[in-house]
Amino acid sequence: MTNTRVTSLVDQLTLQEKAELVSGKNFWFTQAIDRLGLQKIMMTDGPSGLRKQADSADALGLNRSVQAVNFPASALTASSFNRPMLEKLGEHLGNAARANQVSVLLGPGINIKRSPLAGRNFEYFSEDPLVAGELGTAYVQGVQSQGVGVSVKHFAANNRENQRFTASSNMDERTLREIYLAAFERIVKQAQPATLMCSYNAINHSLNSQNKRLLTDILRDEWNFKGLVMSDWGAVADHTAALKAGLDLEMPGKGQASVDEIVTAVEQGQLAEAQLDRSVERVLTMILDYALPADETVDYDLNEQHDFAKQMAEQSMVLLKNSDDILPLKPEEQVGIVGELAAKPRYQGGGSSHVNAFKVTTPLEVAQSDGLESGYAQGYSLDTTTVDTDLVNDALELAKSVDKVIFFAGVPEQDESEGYDKTTIELPANQNDLITKIAAVNPNIVVVLQNGSAVTMPWLAQVKGVLETYLAGEAVGEATWDVLDGTINPSGHLAETFPLRIEDTPSYETFNASREDENYREGLFVGYRYYDTKKLPVLFPFGYGLSYTTFSFHDLQVKEVAGHQVAVQLTVTNTGQRAGVATPQIYVANQTSQIEKPVKELRDFAKVALEAGESQTITRTLDQRAFSWFNPQTEAWESDTGTYEILVGTSVTDVVLRQALTLKWGSTTLQPVTENTYFSDVIRRRDLTAALEESGLDKLLATLNGSSENAQLLENIPLRSAVMLGADSQQVAQFIRLANR
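The numbering scheme is per chain: residues are counted from 1 as the chain's sequence reads. Predicted model: local features are reported for residues with pLDDT of at least 70 only, side-chain atom pairs are reported and counted for 80 or more only, and whole-chain, interface and lining totals are derived from all residues. Processing note: side-chain calculations cover all non-hydrogen atoms of the structure and skip hydrogens and water entirely.

**Student:** Explanation requested: the sheet that holds strand β9 (residues 228-231) in the structure shown.
**Tutor:** The strands making up a sheet associate through backbone hydrogen bonding, with each pair oriented either parallel or antiparallel. The strand order across the open sheet built from five strands is β1-β3-β4-β6-β9, with neighbouring strands paired in parallel fashion. Two strands lie at the open edges of the sheet, namely β1 (43-45) and β9, each paired on one side alone. Across this sheet, the average inter-strand angle for adjacent strands is 30 degrees, counted without regard to direction. One requirement defines pairing of two strands: DSSP has to find at least two bridges between them. Counting from the N terminus, the helices are DSSP H or I runs at least four residues long and the strands are E runs at least two residues long. Bridging between strand β6 (residues 195-198) and β9 involves four bridges; their strand directions are parallel. For Cys-198, the partnering residue across the bridge sits in β9 and is Ser-231. Sitting on the sheet, helix α8 (residues 212-222) touches β4 (149-155), β6 and β9, and the angle it makes with β9 is about 155 degrees. Lines fitted to C-alpha atoms define the axes here, with helix axes fitted over just the stretch in contact, and angles between the N-to-C directions of these axes take values from 0 to 180 degrees. Residue contacts are defined here by distance: any two heavy atoms, one from each residue, within 4.5 Å place the two residues in contact.

**Student:** Please clarify how the pairing of β6 should be interpreted in this entry.
**Tutor:** Note on strand geometry: in a regular strand, side chains alternate between the two faces of the sheet. When accessible area is computed with a 1.4 Å probe and restricted to protein chains, residues below 20% of their type maximum are described as buried, those above 50% as exposed, and intermediate ones as partly exposed. Residues of β6 alternate between two faces, with Thr-195 and Met-197 on one and Leu-196 and Cys-198 on the opposite face, all of them buried. The sheet contact formed by β4 and β6 spans three bridges and is parallel. Among the inter-strand pairings, Phe-155 is bridged to a residue of β6, identified as Cys-198.

**Student:** What is the right way to look at helix α6 (residues 173-180) in this model?
**Tutor:** In an α-helix there are 3.6 residues to a turn, and that puts residues three or four apart on one side. Counted residue by residue, α6 has eight buried out of eight residues, so it is predominantly covered. Among the residues of α6, Glu-173, Arg-174, Thr-175, Leu-176, Arg-177, Glu-178, Ile-179 and Tyr-180 are the ones counted as buried. A distance of 3.1 Å separates the backbone nitrogen of Arg-174 from a side-chain oxygen at the start of α6, and that oxygen is part of Asp-172. The term polar contact refers here to a pair of N or O atoms within 3.5 Å; inside protein, the definition further demands a hydrogen-donor-capable atom paired with an acceptor-capable atom, and it admits residues adjacent in sequence only when both atoms are side-chain atoms.

**Student:** In this structure, what is going on with the packing of aromatic side chains? I would like to understand it.
**Tutor:** Geometrically, a pair of aromatic rings is defined through the distance of the ring centres and the angle of the planes. By convention, a stacked pair of Phe, Tyr or Trp rings (six-membered ring in the case of Trp) has centres within 6.5 Å and planes under 30 degrees apart, an edge-to-face pair has planes over 60 apart, and any other such pair is tilted. Scanning the model with the defined rule gives 17 aromatic pairs in all. Ring centres of Tyr-180 and Tyr-520 lie 5.1 Å apart, and the angle between their planes is 85 degrees; on these two criteria the pair is classed as edge-to-face. Placement of the pair is Tyr-180 in helix α6 and Tyr-520 in the loop between β17 (517-519) and α18 (528-534), with a sequence separation of 340 residues. Per residue, the accessibility class of Tyr-180 equals that of Tyr-520, and both read buried. Each ring, one from Tyr-528 and one from Tyr-587, has its centre 6.2 Å from the other, and the planes form 85 degrees; the classification is edge-to-face. Residue Tyr-528 is located in helix α18, and its partner Tyr-587 is located in strand β21 (residues 585-590); the two are separated by 59 residues in the primary sequence. Tyr-528 sits in the buried class, given a relative accessible area of 1%. Here a set of aromatic residues connected by ring pairs shows up, and it is made of Phe-81, Tyr-528, Phe-542, Tyr-587 and Phe-605. Here, a charge over a ring means that NZ of Lys or CZ of Arg falls within 6 Å of the ring centre while also lying within 35 degrees of the ring normal. Of note, Arg-83 hangs over the ring of Phe-605, and the distance from its end group to the ring centre comes to 3.9 Å.

The structure is reproduced here in structure tokens:
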């Protein structure tokens, strides 16, 4: 939208109208200005499906919404590591939004999974900012290709639900930049989303809705964000302070109270009208860019979208265990199904992402209609954790009479939702107990999981198969059986670590420990960065996933190319007997920078579909950022000259290829010599030879270096301590003066 049109509209607005425009109207709309022909536009939730409320509106998703296809939750789609598929999802969501006169879709959610106890993890992609940023970028590009805007959320460091309106996320600058802002930065720079949604929480005790450094200095001045910043619903504590900081639209507005607050602030000189105009211009730009024609007809096929939801689920499910090739199932086998979740599947998250699903297919009904089931037993009740002896006995009798048991287990909906955090990552006791008992009478058991986040598996050694389906969307029934019976070869990989126990998680001692302060004491060491660096065993590592075929990665070539980039080339071969999809993951190990850092970090990934016996050579390009760290002292990204290692693996712990390279991208500016400069640093600098000779310190160093023990001591002795080595202070002062000339 041209600035001329926006400027013209601003000039015609009264102060009252300006205040109305920066205050949301009736939960889901912007304010219309009828006398200027400015229509209102609608926004609604939709990370995994459109949630346009058909009846009375509310902010928490308690009222019924229009019927729409419920796609898999982001916890599952992230496991696809499939950028094109996420872009296609965005296209479908954008199409659904247009068909329902929705101009802005509130999503995707890209917050980092800091703890598996966080209640909203099902709605987020990953513990890794690269995965969240890359898949989030594809999603945004897909939605906005349909002429519908997005609101990337929740900006930023919103990693728990308890006291989310008031808690402060406290962390150092490197952690903030490298982990919690990185995904937002990638999406802003690559996709220019229409809006960002400001989160409820504070960062280092500065409320995000009033945080100028976050909303203006970083987001706009550094990243060059051109869109609008809206609040999460009810996140604004002081509307005037928020506008000054860079927030543009309060959602939802508080009616006339919001308008009066802004009018009074301008009239009393607490808010410059020019600052108000800045936000008004951004609201107008959003309205004019994304307003939809009232009489528009959109080709919107719910059945087509359902089929795509099935494909997404199939391509994202993660095969975690497959001993003795228990999967895929064979047509002649007698298969018993156990678990209430087979009949009443948990297929979507609770809260604002809850969708009035178009066509839910349950695993039990699909198995029965396709002749895959030889008996069903409920086994347990989702309403309780108590063991029901009658249900258990029925399940055991069934298990004894069949070749294989498919056990549907998971976290009940009431235990995992927006608005509150979990208290455990264990499955309900009645489910764990029954799995153990069935395994004792029939070892051929496959557990199918339905859950929003990582869970423990105390029975893992007793079962032969585990399939992670997370929250698979409305096509959960069809997709699950397509993977179990081999119609689809699973290709998902975990986008989060599954720990052995909650006590092993890096944030265990600090997560929800205080109502006011969430202290990120683990710093950079989130998820696999912690487990990998500490060499701590896990249940399943980040990036892990099995297939019904096998792959080999070979012929790795790494070379520096123009523009401070590194080209990584490798060949992937399907060494098995059936078609499948491989996911090579590229990690970088920084062996140079003398800073606190993880052992290795994911820097790229690819998806490669191959027929049996087929090979394909792929090339990925890593830019300088892949080798950089954020320096808080210079407030800039920095890469250092030295050795790095490129590692390629099927997970963070299963590295199959590696190659070192030396990069010379670091600064060549020499640090000044001071009294605190260490002798070891002086010795390494050839440019200081003349200064050493002229000051006479060269003779002292020659004497000391004659012994390996002395040479090691010099690593930790600064110039100001030279007197204890036999030098005098005048020599040291002369050397410093000569070294810095």
